[in-house]
Amino acid sequence: MTEMRLVVVGAAGRMGRMLIKTIHETPGATLAGAIEQEGSIALGQDAGLLAGIGETRVKIVDDPLPVFAKAHGVLDFTAPAATVAFAALAAQARIVHVVGTTGMEDEHLAKLEAAARHAVIVRSGNMSLGVNLLASLVRRAAKALGTDFDVEVVEMHHRMKVDAPSGTALMLGQAAAEGRGIDLKANSERGRDGITGARKPGAIGFAALRGGTVVGDHSVVFAGPHERIVFQHVAEDRGLFARGAVSAALWARGRKPGLYSMDDVLGLSEA
């Protein structure tokens, strides 16, 4: 099979540059395009030079459709509205769409599901192997421990992150909710402040910390009578998210249209 031709959207951002570097380092993948928003100062620059890997002869442009038409897949860690727009274009071009965008609401997810009728979409709040294994463990622990144990999800990220809780925190909270067989939205507590009253029995709590250059720390605490169980994942290099995204794209090539997760990519959905 020929190398998979991949497009990076949001190419000038930190994750975009890391994705370009990772594609360059991954056998079986090649950079086919780099997209930035209209007006970006990066437009016209060589994507490889911007990412620090040397000249690639792939210029950063702001018109995705002709680039998508010549590619096999797109890697997307942008923003919800942009991701929805890219999903429609990827579906039109019938190419793989790997989505690592966080902060997505139900309206955005509904549009991704619609696009997945015509294209292969792999979406995850976190593309790392470790986090997805952690989510699987949290799901099992929540099922085994029941409501005698309170669940708290604590996350910390760098000061520039704009959404909270993080997509990964919500993913871990969702895993706990699935283990308990409950709806997360109806059973979550966020942003406690002031006189809040006693903790709601069975609730899943979230706390978000921001500061410095933290790549991503996540802990899930099961606090029971006289004991606590803590699951933790510490990301030391955002390159692990890029490697997971490229691996997901390679896995998705040739699959039937549909909305997939990293559980599918890693074979955890059958576990």
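The rules behind these values
- Residues numbered from 1 in each chain as written.
- Predicted model: local features only at pLDDT ≥ 70, side-chain atom pairs only at ≥ 80, totals over all residues.
- Heavy atoms only, no water.
- Phe/Tyr/Trp six-rings, centres within 6.5 Å; stacked < 30°, edge-to-face > 60°.
- Helix = DSSP H or I, 4+ residues; strand = E, 2+ residues; numbered from the N terminus.
- Buried < 20%, exposed > 50% of the residue type's maximum accessible area, 1.4 Å probe, protein only.
- Lys NZ or Arg CZ within 6 Å of the ring centre and 35° of its normal.
- Pairing = 2+ DSSP bridges.
- Contact = heavy atoms within 4.5 Å.
- Axes fitted to C-alpha atoms, helices over the stretch in contact; angles between N-to-C directions.
- Polar contact = N/O pair within 3.5 Å; in protein donor to acceptor, adjacent residues only side chain to side chain.
- Core = buried A, V, L, I, M, F, W, Y, C linked by side-chain atoms within 4.5 Å.

**Student:** Got a minute to help me understand the packing of aromatic side chains in this structure?
**Tutor:** Each aromatic ring pair is described using two quantities: the centre-to-centre distance and the angle formed by the ring planes. Within this structure, the stated rule accounts for three aromatic pairs. A centroid spacing of 6.2 Å and a plane angle of 45° characterise the contact between F68 and F86, whose relative ring orientation is tilted. Linking F68 in helix α3 (residues 64–68) with F86 in helix α4 (residues 80–93), this pair joins segments that are 18 residues apart in sequence. We classify F68 as buried; its relative accessible area is 0%. Note on F222 and F231: the rings are 5.9 Å apart at their centroids and 80° apart in plane angle, and the pair reads as edge-to-face. Like F222, the residue F231 is buried in the burial classification. The ring of F206 has R190 sitting right over it, with the charged end atom 5.4 Å from the ring centre.

**Student:** Where do I start with the sheet that holds strand β2 (residues 29–35) in this structure?
**Tutor:** The strands making up a sheet are joined through hydrogen bonds of the backbone, oriented either antiparallel or parallel. Overall, parallel pairing links the seven strands, which are arranged β3-β2-β1-β4-β5-β6-β12 in an open sheet. Looking at the sheet topology across the chains shown, the edges are occupied by β3 (60–61) and β12 (258–260). Of the strands in this sheet, β1 (4–9), β2 and β4 (73–76) are in contact with helix α1 (residues 14–25), which crosses β1 at around 165°. Seen against the sheet, helix α8 (residues 239–252) touches β1, β2, β4, β5 (96–99), β6 (120–123) and β12 and runs at an angle of roughly 150° to β5.

**Student:** I keep staring at the side chain of H97 and nothing clicks. Help me out?
**Tutor:** Here H97 shows up in strand β5. Of the polar contacts made by the side chain of H97, one reaches the side chain of D76; its length is 3.0 Å. Leave out the neighbours within four places in its chain, and H97 touches V74, D76, T83, F86, A87, A90, V120, I121 and V122.

**Student:** Whenever I open this one, the nonpolar core confuses me. Can you help?
**Tutor:** For soluble globular proteins, the rule of thumb is that nonpolar side chains tend to be buried together. Grouped together as the largest cluster of nonpolar side chains are 36 residues, with contacts concentrated most on L6, I23, L75, V98 and V122. Secondary-structure elements contributing two or more residues to this core are β1, α1, β2, α2 (47–51), β5, β6, α8 and α9 (262–266). Among the elements that take part in this core, α8 stands out by supplying nine residues, more than any other. Contact partners of V122, with chain neighbours within four places excluded, come to H97, V98, V99, M127, A248, W251, A252, Y260, S261, M262 and V265. Counting 21 residues, the second largest nonpolar core, distinct from the first, contains L134, A141, A169 and L172.

Structural measurements only, silent on function.
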